[in-house]
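Residue strings, one per chain:
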Amino acid sequence: MAFWGKDHTGGGSINDPKRKFRFIVQIDNLNVEATEGASSDTSVMWFAKTATKPGFAINNVEHSYLNHKFYYPGAVTWNDVTVTFVDPQNPDASSLLARITEAAGYKVPSNAVNTPDLATISKAKMGTALGGVTIAQLDANGNRVEEWKLWNPMITDMKFGDLAYGDDELVELSVTFKYDWATLNARVTTDDSDTVTDGTEYFSPSNET
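Reading the values: rules and limits
- Residues numbered from 1 in each chain as written.
- Predicted model: local features only at pLDDT ≥ 70, side-chain atom pairs only at ≥ 80, totals over all residues.
- Heavy atoms only, no water.
- Pairing = 2+ DSSP bridges.
- Helix = DSSP H or I, 4+ residues; strand = E, 2+ residues; numbered from the N terminus.
- Axes fitted to C-alpha atoms, helices over the stretch in contact; angles between N-to-C directions.
- Contact = heavy atoms within 4.5 Å.
- Buried < 20%, exposed > 50% of the residue type's maximum accessible area, 1.4 Å probe, protein only.
- Polar contact = N/O pair within 3.5 Å; in protein donor to acceptor, adjacent residues only side chain to side chain.
- Arc of directions from axis to C-beta.
- Patch = residues over 30% accessible without salt bridge, like charges linked within 9 Å, V, L, I, M, F, W, Y side chains within 5 Å.
- Areas by Shrake-Rupley, 256 points an atom, 1.4 Å probe, with all protein chains shown as cover.
- Salt bridge = Lys/Arg side-chain N within 4 Å of Asp/Glu carboxyl O.

Now for the sheet that holds strand S8 (residues 154–159). Across the sheet, which stays open at both edges, the four strands sit in the order S2-S5-S9-S8 with antiparallel pairing between neighbours. In the strand order of this sheet, the two ends are held by strand S2 (48–51) and S8, each with one partner. Between one strand axis and the next, the sheet turns by 25° as a mean value, whatever way the strands run. Across three bridges, the pairing between S2 and strand S5 (residues 81–86) is antiparallel. For Ala48, the partnering residue across the bridge sits in S5 and is Phe85. Relative to strand S9 (residues 172–178), helix H1 (residues 93–103) is tilted by about 25°, and along the sheet it contacts S5, S8 and S9.

Our next topic: the side chain of Glu146. Structurally, Glu146 is set in strand S7 (residues 144–151). By relative accessible area, which is 6% here, Glu146 ends up buried. Among the polar contacts made by the side chain of Glu146, one reaches the side chain of Lys18 at a distance of 2.4 Å. Beyond its immediate chain neighbours, meaning those up to four positions away, Glu146 contacts Lys18, Lys53, Ile135, Ala136, Gln137, Leu184, Asn185 and Arg187.

For helix H2 (residues 123–130), the set of buried residues is Met126, Ala129 and Leu130. Each buried residue of H2 sits inside an arc of 90° when the element is viewed along its axis, so together they form one side. Facing away from the buried side of H2 by over 90 degrees, the exposed positions are Ala124 and Thr128. Those residues of H2 hidden inside the fold are in contact with strand S1 (23–27), H1, S8 and S9.

It is worth spelling out H1 at this point. An α-helix turns once every 3.6 residues. As a result, residues three or four positions apart point the same way. Here H1 has its buried residues at Ala93, Ser94, Leu96, Leu97 and Ile100. Check the buried side of H1 and you find it contacts S5, H2, S8 and S9. Among the residues of H1, the N-terminal cap falls to Asp92, whose side-chain oxygen and the backbone nitrogen of Ser94 are separated by 3.1 Å. In the stretch just after H1, Gly105 is the one whose phi turns positive, near 120°.

A word on a nonpolar patch on the surface. Together, Phe56, Ile58, Val76, Tyr202 and Phe203 make up an exposed nonpolar region whose accessible area comes to about 470 Å². Mapped onto the fold, Phe203 is located in the segment after strand S11 (196–202). On the accessibility criterion, Phe203 (41% relative accessible area) is partly exposed.

Quick look at the pairing of S7 now. Strand residues, when the strand is regular, have side chains that alternate between the two faces of the sheet. Counting buried residues along S7, six of its eight residues qualify, which places the element largely inside the surrounding structure. With six bridges joining them, strand S6 (residues 133–138) and S7 adopt antiparallel strand pairing. Paired with Ile135 across the two strands is Trp148, which belongs to S7. If you look at the hairpin formed by S6 and S7, you'll find five residues sitting between the two strands, and Gly142 has a positive phi there, around 85°.

Taken as a whole, this structure holds eight salt bridges when the rule is applied. Notably, a salt bridge pairs Glu146 with Lys18, separated by 2.4 Å at the nearest N-O pair. Within this pair, whereas Glu146 is found in strand S7, its partner Lys18 is found in the segment before S1, the two being separated by 128 residues in sequence. Residue Lys49 pairs with Glu172 through a salt bridge whose shortest N-O separation is 2.4 Å. A residue pair is termed long-range when its members are at least 10 positions apart, and Lys49 in strand S2 and Glu172 in strand S9 qualify at 123 residues.

Moving on, we come to the side chain of Thr183. Tracing the backbone shows Thr183 in strand S10 (residues 181–189). A distance of 3.1 Å separates a polar atom in the side chain of Thr183 from a polar atom in the side chain of Trp151.

Okay, the environment of Phe177 next. Its place among the elements puts Phe177 in strand S9. C-alpha of Phe177 to C-alpha of Val133: the two residues are 44 residues apart in sequence and 9.2 Å apart in space. Excluding its chain neighbours within four sequence positions, the residues that come into contact with Phe177 are Ile27, Asp80, Val81, Val83, Leu130, Val133, Leu150, Met154 and Ile155.

See the structure below:
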């Protein structure tokens, strides 16, 4: 029975719809130091505010014949993912994200004429600096009911926020990730309780065991 027609008085939450505010963002190598009241998993970004879920577009090729048009599917292009963070002082999100970029190989030139460090950004160093990037949706009990993993993510855009004397809102950071593909781990429930088990992984590499 659909979630809006179920009697919830007997407990359980498996028929609750997914909610926008129940999510976490996890960046494995951001190395957030644990603070009082923070998650024990220091890769979970408790200061994430919004996140776009992965999505893709399928290109198409058009073929015209007389007064007809026929379409054929082409390559799949995954869309960018943007995450917005608030910027606490501890941990300092700006410093953490800047450190990721430096670890990926970007160095500010110290001398305009002669720069001794000739290293540049590479895909391998970016992947090592970031580690895994995961966006997970939760149920009312904190279980992960949907999990998106970005494969080979890299930062393509970073904004450190805007300032204004007439605005007392929290400072926000915006980071855009590009990635090769994403996998969806859809959790499934086995009964009418809150028991959640691992579900099927979609968009998984065909040669993965």
